[in-house]
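So you can see what is in the structure, the chains are spelled out below.
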Amino acid sequence: MASDPAVGMLRRAEETLEAEFARLPEFRKTLDEEAMARVLELAAHRLGDNFPYFHPLYAGQMLKPPHPVARAAYALAMKINPNNHALDGGRASSAMEVEAVAAIAAMFGWTRENGGYLGHLTSSGTIANLEALWMAGQLAPGKRIVGSEQAHYTHWRISGVLRLPYASMAADRCGRMRLDVLESELRKGDVGTVVATLGTTGVGAVDPLHQILSLRARYGFRVHVDGAYGGYFGLIPEELDEPARKAYAAVSQADSIVIDPHKHGLQPYGCGCILFRDAALNRFYKHDSPFTYFTSKELHLGEISLECSRAGAAAVALWATQQLLPLKPGGEFARGLASSRRAAKELDRRLRADRRFVALAPTLDGLPGQAPSADSGQAAAHPPELDIVVWALRAADLRNASVWAQEVFDRCAERDLHLALVQLPHAWFAPSAEAENDSRLATCLRSVLMKPEHEAWLDPIWGRLSAAADEVLEG
Ligand SMILES: *Cc1c(COP(=O)(O)O)cnc(C)c1O
């Protein structure tokens, strides 16, 4: 591996931070550096037991390394180990959190100047979604939460924790929420909140948010956008196809938004974010902490979040990353996303052109399960909508296709190409009306091409996949 750029810059910044506290009388801890080094060596060996998530040949799950500046900033903050619960525990890092969250909110068009918002970082997307659904329950007690069957599984579990009724709705064969199914739920009159996923975890499908919002005008409900995975893709509308582009263009009209900087935002784990459009919702978080809110009358972030202790270091890392790579269309960060998106389109193009593979069927207006694209009037659009590609092996039957997918997955791993598997409805691959009633699941191959390097590595990836598929099909 090449030398680590985070190490040198961290050393320098640590000296600067030490100088900030130079006025204090010196104190030393005696540490057994030899023993520590030995333990760290052991840890390094243990960590070798992992897939190489940092390498472009890892193209499986939603995993990529944090940016070196995020890693260095996080490590730097560890000297202080601030707690963003209260200003008493992390003054500077709380201010950095407020700035970092403002930049994310501004990406969605929410600013103090145009109506304000309420938001903070969380330890994960799950907790961020929990806060959104908790708020939904506060505002409409007893009303139902609904999401598509492709919404993240934590939504129904969180709803259980919150004792809110949750209903899962059928998705179309591209993995998107079906508006006809949604509307029949809405007619029942008890839906309080619709969870719209912009970038499903399974296939990167984008729910038709713009059309869901039209229904909100008619039926009245809260719209929560789960952009934990896909939230950042609004920065590259020119790389998206209809209708995903329209969905992203409508995000600013949502009532709440979740995004995970620790997924596509180049952060170490422990960094989710929840945003509410209505700043006045802070009243629901009201509580007293008898032991922390003392040093300042200003807002302590613990007063607007459900969690108590939160890593100030996560805020420092995010702040540093956004200083270096602002969340701007056309900027370096957006170009990285665009490159991932192109990698996915190119892999999908090769799969569709190859008889050995089957890609997801295009949507065809008029077939059951399709939301006719009334407002676009255009025909076939097919996945991938973001940077996640799914495909199957062309086989005589479902069982064979599933077995082969597993075998190709294994043979690729032997070549150091790491893909993922996903179970999807068989009907998604068969563009016929009869297949619509086939509820069986097929095991398929899945690849999340979320690293900017994936585009340049597509040939080595394809070469390994192709060789693995040949072996399986010949065997
Ligand atoms: C990953 C993900 C979540 C859960 O977020 P965590 O940070 O893993 O807790 C929720 N929703 C979607 C769409 C996701 O992709």
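A brief structural summary. Keep in mind that what you see is a predicted model, and the values were worked out from it rather than measured. (Residues numbered from 1 in each chain as written. Predicted model: local features only at pLDDT ≥ 70, side-chain atom pairs only at ≥ 80, totals over all residues. Heavy atoms only, no water.)

### Points about the sheet that holds strand 2 (residues 144–148)
- Spatially, the seven strands line up as an open sheet ordered 1-7-6-5-4-2-3, and their pairing is mixed. Of all strands in the sheet, those bounded by a partner on one side alone are strand 1 (118–122) and strand 3 (166–169). Put simply, the sheet's adjacent strands are angled 20 degrees from each other on average, direction ignored.
- Summarising the sheet, strand 2 and strand 3 pair through four bridges and their orientation is parallel. Bridge pairing in strand 3 links S148 to M169.
- Set on the sheet, helix 7 (residues 179–186) makes contact with strand 2, strand 3 and strand 4 (191–197); between it and strand 4 the angle comes to about 165 degrees. (Pairing = 2+ DSSP bridges. Helix = DSSP H or I, 4+ residues; strand = E, 2+ residues; numbered from the N terminus. Axes fitted to C-alpha atoms, helices over the stretch in contact; angles between N-to-C directions. Contact = heavy atoms within 4.5 Å.)

### Some words on unusual backbone geometry
- A cis amide bond links E242 to the next residue, P243, at an omega of 0 degrees.
- As for its placement among the helices and strands, P243 is situated in the loop between strand 5 (222–227) and helix 9 (244–249).
- Of note, the amide linkage connecting P383 to P384 takes the cis form, showing an omega dihedral of 0 degrees.
- Structurally, P384 is set in the loop between strand 8 (357–359) and strand 9 (388–393).
- With a phi close to 50 degrees, N81 is a non-glycine residue in the positive phi region.
- Checked against the element boundaries, N81 lands in the loop between helix 3 (68–78) and helix 4 (91–107).
- Given the relative accessible area of 52%, N81 is considered exposed.
- Here the phi dihedral of L266 falls at roughly 65 degrees; this positive angle occurs in a residue that is not glycine.
- By the secondary structure assignment, L266 is in the loop between strand 6 (256–259) and strand 7 (272–276).
- The exposure class of L266 is buried, given its relative accessible area of 14%. (Buried < 20%, exposed > 50% of the residue type's maximum accessible area, 1.4 Å probe, protein only.)

### Here we look at the packing of helix 12 (residues 398–414) against helix 13 (residues 458–474)
- As a packed pair, helix 12 and helix 13 sit with axes 9 Å apart at the nearest point and diverge in direction by 130 degrees. The angle between helix 12 and helix 13 falls in the class oblique. With respect to the hand of their crossing, helix 12 and helix 13 are arranged in right-handed fashion. Taking contact as the criterion, the partners of W404, E407, V408, R411 and C412 in helix 12 are, on helix 13, R464, L465, A468, A469, E471, V472 and L473.
- Classifying every residue of the contact of helix 12 with helix 13 gives eight nonpolar, no polar and four charged. (Parallel < 35°, antiparallel > 145°, perpendicular 65-115°, else oblique. Left-handed = near helix turned anticlockwise from the far one by under 90°. Nonpolar A, V, L, I, M, F, W, Y, C, P; charged D, E, K, R; others polar.)

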